[in-house]
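# Survey of secondary and tertiary structure
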Amino acid sequence: MTTAAARPRLECQLLDERLRDHMPTYATEGSAGMDLRALLDAPLTLEPGDCELVRTGLAIYIRDPNLAGMILPRSGLGHKHGIVLGNLVGLIDADYQGELMISVWNRGQRAFTVEPFERLAQYVLVPVVQAELEVVEHFTASQRGDGGFGSTGAR
Ligand SMILES: O=c1ccn([C@H]2C[C@H](O)[C@@H](COP(=O)(O)OP(=O)(O)OP(=O)(O)O)O2)c(=O)[nH]1
Ligand SMILES: [Mg+2]
């Protein structure tokens, strides 16, 4: 297991003093994501179909272009309450220095109230490889070719 000392260190800024008591953390030793909390002054009720951009009060500057951040839904909120992300997945660029924002979408059939500082989504740091595109006339044939969208079976 990666010890805390061996983890990449990312600069972050707290854009609201209340964040000091609500820093994102890994819930367990093996957690892939840090939970992000909703920076709200008051509860926020989302009716079915509503989508709101919610502040986190946190800016994380990844800097290294070989890394990226991903904002992902929490499974409990998504499965039990229909609370997922308006953009499905948030991709955070290594050079982004602004506040992390969570697009919260109630895709369910009942109203849901987000409480201030509730854990709303999770931030996962992932490796990234940037590519150069090289234009060619023909590809070397592969087993799949251009088959897709269920080409390997009836469904
Ligand atoms: O859920 C998200 C998704 C993105 N971002 C921030 C960080 C990211 O680096 C930036 C741009 O995101 P993206 O490239 O996905 O959005 P865009 O619509 O292409 O905007 P841009 O033209 O600014 O790249 O917005 C968030 O705070 N939360
Ligand atoms: Mg973009």
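Treat the numbers as computed from the prediction; the structure is a model and nothing was measured. (Residues numbered from 1 in each chain as written. Chains lettered and ligands numbered in written order. Predicted model: local features only at pLDDT ≥ 70, side-chain atom pairs only at ≥ 80, totals over all residues. Heavy atoms only, no water.)

### A word on the side chain of Asp 35
Structurally, Asp 35 can be placed in strand β2 (residues 34–37). When its relative accessible area of 10% is taken as the criterion, Asp 35 is described as buried. Here Arg 119 takes part through its side chain, which lies 2.8 Å from a polar atom of the side chain of Asp 35. When near neighbours in sequence (up to four residues on either side) are disregarded, Asp 35 contacts Pro 24, Thr 25, Ala 27, Arg 74, Arg 119, Ala 121 and Gln 122. (Helix = DSSP H or I, 4+ residues; strand = E, 2+ residues; numbered from the N terminus. Buried < 20%, exposed > 50% of the residue type's maximum accessible area, 1.4 Å probe, protein only. Polar contact = N/O pair within 3.5 Å; in protein donor to acceptor, adjacent residues only side chain to side chain. Contact = heavy atoms within 4.5 Å.)

### Concerning the sheet that holds strand β10 (residues 119–127)
Note on sheets: strands pair through backbone hydrogen bonds, and any given pair is parallel or antiparallel. The antiparallel open sheet is built from four strands, whose spatial order is β2-β10-β5-β7. Lying at the two open borders of the sheet, with one neighbouring strand each, are β2 and β7 (90–92). Recorded for the sheet is a direction-independent mean angle of 30° between the axes of neighbouring strands. As defined by bridge partners, strand β5 (residues 67–73) adjoins β10 across seven bridges and the pair is classed as antiparallel. What sits directly across from Ile 71, in β10, is Tyr 123. (Pairing = 2+ DSSP bridges. Axes fitted to C-alpha atoms, helices over the stretch in contact; angles between N-to-C directions.)

### A word on the UniProt feature "binding site: substrate" (unreviewed entry) in the protein
In the UniProt entry, the feature "binding site: substrate" (unreviewed entry) is given for Arg 74, Ser 75, Gly 76, Asn 87, Leu 91, Ile 92 and Asp 93. In summary, the annotated positions, distributed over 20 residues, remain apart in three dimensions as well, the widest C-alpha pair reaching 26.3 Å. Owing to a relative accessible area of 28%, Gly 76 belongs among the partly exposed residues under this scheme. Its place among the elements puts Asp 93 in the loop between β7 and β8 (99–106). (UniProt positions renumbered as here; feature names shortened; annotations may be inferred.)

### Examining the site of ligand 1
Contacts to ligand 1 come from Ile 71, Asn 87, Gly 90, Leu 91, Ile 92, Asp 93, Tyr 96, Glu 99, Leu 100 and Met 101. Within the side chain of Asn 87, one N or O atom sits 3.0 Å away from an oxygen atom of ligand 1. Asp 93 is positioned with one of its side-chain polar atoms (N or O) 2.6 Å from an oxygen atom of ligand 1. Of all the secondary-structure elements, those providing two or more residues to the shell around ligand 1 are β7 and β8. The class makeup of the residues in the shell around ligand 1 is six nonpolar, two polar and two charged. (Near = heavy atom within 4 Å. Nonpolar A, V, L, I, M, F, W, Y, C, P; charged D, E, K, R; others polar.)

### Considerations on the UniProt feature "domain: dUTPase-like" (unreviewed entry) in the protein
The sites that UniProt annotates as "domain: dUTPase-like" (unreviewed entry) are residues 22–153. Between the end C-alpha atoms of residues 22–153 the distance is 48 Å, and the span holds 5% helix and 39% strand.

### Structural notes on the nonpolar core
Judged by nonpolar contacts, the single largest core of 24 residues is most densely connected at Val 114, Leu 120 and Tyr 123. The set of elements that each furnish at least two residues to this core consists of β3 (44–46), β4 (51–61), β5, β6 (83–85), β8, β9 (112–114) and β10. The residues touching Tyr 123, leaving out its near neighbours within four places in the chain, are Leu 10, Ala 32, Gly 33, Met 34, Leu 36, Ile 60, Ile 62, Gly 69, Met 70, Ile 71, Ile 92 and Leu 100. (Core = buried A, V, L, I, M, F, W, Y, C linked by side-chain atoms within 4.5 Å.)

### Comments concerning the pairing of β5
Where β5 meets β7, three bridges bridge the pair, whose relative direction is antiparallel. Within the sheet, the bridge partner assigned to Met 70 lies in β7 and is Leu 91.

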